[in-house]
Amino acid sequence: QVKLVESGGGLVQVGGSLRLSCVASGLTFSSYAMGWFRQAPGKEREFVGGISRSGGRTYYPNSVKGRATISRDDAKNTVYLQMNSLKPEDTALYYCAADSTFYTTTVNVATHNYDYWGQGTQVTVSS
């Protein structure tokens, strides 16, 4: 049974930082590209960033570019999302997801490419 468990969310002030973690089990972690998404109330799920299977490629949308960094530790079956200079519009439920892409350098941005999802961790940025 595949399980993705996010942690590290919380309440943070504008300009602050958070490091989210996602621990995976029940799958061969190194065979999956990993992505982070977020969803605010009343809005669609949004891609926040992803890291390839190899770990050598990351991709971020403009909304977080320069403020987000994704990394992975295959020995710990864990992917991280470091978010800096947080803004109120970063408030959302943050999800990690696993993509069984064949290609080692692919980072997909669409939700339908991802096979497994965690339950999410809430990030609230207060002004």
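Residues numbered from 1 in each chain as written. Predicted model: local features only at pLDDT ≥ 70, side-chain atom pairs only at ≥ 80, totals over all residues. Heavy atoms only, no water.

Undergrad: For this particular structure, what's the right way to read the overall build of the protein chain?
TA: Along the protein chain, the regular secondary structure elements total zero helices and 11 strands. Listed by position from the N terminus, the elements making up the protein chain come as β-β-β-β-β-β-β-β-β-β-β. The C-alpha radius of gyration computed for the protein chain amounts to 13 Å, which stays within 12% of the reference 14 Å derived for 127 residues, consistent with globular compactness. Expressed as lengths along the three principal axes of its C-alpha atoms, the size of the protein chain is roughly 40 × 30 × 30 Å. Split into buried and exposed, the 127 residues of the protein chain put 43% on the buried side. A separation of at least 24 residues holds for 61% of the contacts in the protein chain among residues at least 6 apart in sequence. Carbon and sulfur atoms provide 47% of the accessible area of the protein chain, an area that totals close to 6400 Å². For the protein chain, the separation between the mean place of its 12 positive charges and that of its 9 negative charges on side chains is 4 Å. (Helix = DSSP H or I, 4+ residues; strand = E, 2+ residues; numbered from the N terminus. Rg over C-alpha atoms; globule rule 2.2 N^0.38 Å. Buried < 20%, exposed > 50% of the residue type's maximum accessible area, 1.4 Å probe, protein only. Contact = heavy atoms within 4.5 Å. Areas by Shrake-Rupley, 256 points an atom, 1.4 Å probe, with all protein chains shown as cover. Lys, Arg positive; Asp, Glu negative; His and termini not counted. Charge placed at Lys NZ, Arg CZ, Asp CG, Glu CD.)

Undergrad: Looking at this structure, how should I read the pattern of salt bridges?
TA: Oppositely charged side chains are able to pair whenever their charged atoms sit close together. Evaluated as defined, the whole model comprises four salt bridges. Here R38 ties to E46 by a salt bridge, and the two come within 2.8 Å at their closest N and O atoms. The shortest N-O distance in the salt bridge between D90 and R38 comes to 2.8 Å. Highlighted residues: D90 in the loop between β8 (78-83) and β9 (92-99) and R38 in strand β4 (residues 33-39), separated in sequence by 52 residues. (Salt bridge = Lys/Arg side-chain N within 4 Å of Asp/Glu carboxyl O.)

Undergrad: What is the right way to look at the pairing of strand β11 (residues 121-126) in this model?
TA: The side chains of a regular strand alternate, residue by residue, between the two faces of the sheet. Along β11, the buried face is formed by T121, V123 and V125; none of Q122, T124 and S126, which line the opposite face, is buried. Where strand β2 (residues 10-13) lies against β11, four bridges are found, and the strand directions are parallel. By the bridge assignment, L11 is partnered in β11 with T124. Here three bridges tie β9 to β11, and the two strands are oriented antiparallel to one another. Note that in β11 the partner of A92 across the bridge is V123. (Pairing = 2+ DSSP bridges.)

Undergrad: What is the right way to read the sheet that holds strand β3 (residues 18-25) from this model?
TA: The strands that make up a sheet are held in pairs by hydrogen bonds between backbone atoms, and each pair lies either parallel or antiparallel. Here four strands make up an open sheet; going across it, the order is β1-β3-β8-β7 and the pairing antiparallel. Here the strands that pair on one side only, and so sit at the sheet edges, are β1 (3-7) and β7 (68-73). Shown here is a sheet whose adjacent strand axes are inclined to one another by a mean of 15°, direction ignored. Bridge analysis of β3 against β8 gives six bridges, and the strand direction is antiparallel. Pairing of R19 across the sheet is with Q82, part of β8. (Axes fitted to C-alpha atoms, helices over the stretch in contact; angles between N-to-C directions.)

Undergrad: What is the right way to read the environment of Y80 from this model?
TA: Along the chain, Y80 turns up in strand β8. By relative accessible area, Y80 is classed as buried at 12%. For the pair Y80 and Q13, spaced 67 residues apart in sequence, the C-alpha to C-alpha distance is 20 Å. When neighbours within four sequence positions are excluded, Y80 is seen to be in contact with R19, L20, S21, W36, T69, I70, S71 and D73.

Take it as geometry only, folks, not as evidence of what the structure does.
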